[in-house]
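Here is what each chain is made of, one letter per residue.
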Amino acid sequence: MGRVSPSPLRREPVQRRSADRLARILDACAELLDECGYEELSTRAVAERAGVPIGSVYRFFGNKRALVDALGHRNLDRYAERIAARLGPPGEGDWRAVVAVVLDEYLEMKRTVAGFTLIDFGAQVPLGAPVTGVNSEVADRLSGLLAAQVGRPEDEELRRAVLVAVEAADALLQLAFRADPVGDERIVAETRRLVGAYLAQVLDP
């Protein structure tokens, strides 16, 4: 499914050279997020790390929030690709195996991908905002993957269930990584159990 939010890019790269430059800028942003955090991040530091003029950063991004949002979008694209690469042919999967892959890949990215610990798929929506934020976008992607994999319609019931599961898993895994830099395995196990029990109410015959 398409993203709920618009692209944070001022302009999309057309030539390979521009795409490579954009990738370097996002890589630099991810590295600096790990090193100094969001508050200390600056577009100038990103430009210096990426080895590009500051004007190249502003060609794509209006400010550092847009830069971080673009990194989150790229992470979501790569997350969906990693999940799809591990799944079997569409229509032949067991939903429990799909959910296990979804959680495994998230944990692996959390532990190994630069910048992911801080922003994963982008900034969260504030309390009271419409349900069209980051987790809604993640739920859109995952409900589509899940529906195709198990051979069932991607209806509103499925999407709502996946959104609730994503929100619950997000909160619990944040707790797991606050308790342990690599994720407290006991909390991770409880997350798997909770998400599995909840989704069984919708996905089991």
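The following paragraphs examine the structure supplied in this document. Computed from a predicted model, the values in this text were never measured in an experiment. (Residues numbered from 1 in each chain as written. Predicted model: local features only at pLDDT ≥ 70, side-chain atom pairs only at ≥ 80, totals over all residues. Heavy atoms only, no water.)

Some thoughts on unusual backbone geometry
Part 1: With a phi angle near 30°, D120 is a residue other than glycine that sits in the positive phi range.
Part 2: As for its position among the elements, D120 is in the loop between α6 (116–119) and α7 (134–150). (Helix = DSSP H or I, 4+ residues; strand = E, 2+ residues; numbered from the N terminus.)

Remarks on the side chain of S56
Part 1: You can see S56 is positioned in helix α3 (residues 54–60).
Part 2: Using a relative accessible area of 9% as the deciding quantity, one classes S56 as buried.
Part 3: Apart from the residues within four sequence positions on either side, S56 is in contact with R21 and I25. (Buried < 20%, exposed > 50% of the residue type's maximum accessible area, 1.4 Å probe, protein only. Contact = heavy atoms within 4.5 Å.)

Describing the packing of helix α4 (residues 64–86) against α7
Part 1: Their axes nearest at 11 Å, the elements α4 and α7 cross at an angle of 15°. Classified by the angle between their axes, α4 and α7 sit roughly parallel to one another. In terms of crossing hand, the pair formed by α4 and α7 is right-handed. Residue-level inspection shows H73, L76, D77, Y79, A80, I83 and A84 of α4 in contact with α7, the latter providing E137, V138, R141, L142 and L145. (Axes fitted to C-alpha atoms, helices over the stretch in contact; angles between N-to-C directions. Parallel < 35°, antiparallel > 145°, perpendicular 65-115°, else oblique. Left-handed = near helix turned anticlockwise from the far one by under 90°.)

Some points on the nonpolar core
Considering soluble globular proteins, one finds that nonpolar side chains tend to be buried as a cluster.
Part 1: With 38 residues, the main nonpolar core has Y79, F121, L142 and L199 as its most contacted residues.
Part 2: Going through the elements one at a time, α4, α5 (95–112), α7, α8 (156–179) and α9 (185–203) are the ones with two or more residues in this core.
Part 3: Top contributing element to this core by residue count: α8, with 10 residues.
Part 4: Those residues within four positions of Y79 in sequence are excluded, and the remaining contacts are V102, E105, Y106, M109, F121 and L142.
Part 5: If you look at the next biggest cluster of nonpolar residues, it comprises 23 residues, including L32, L33, A47 and L67. (Core = buried A, V, L, I, M, F, W, Y, C linked by side-chain atoms within 4.5 Å.)

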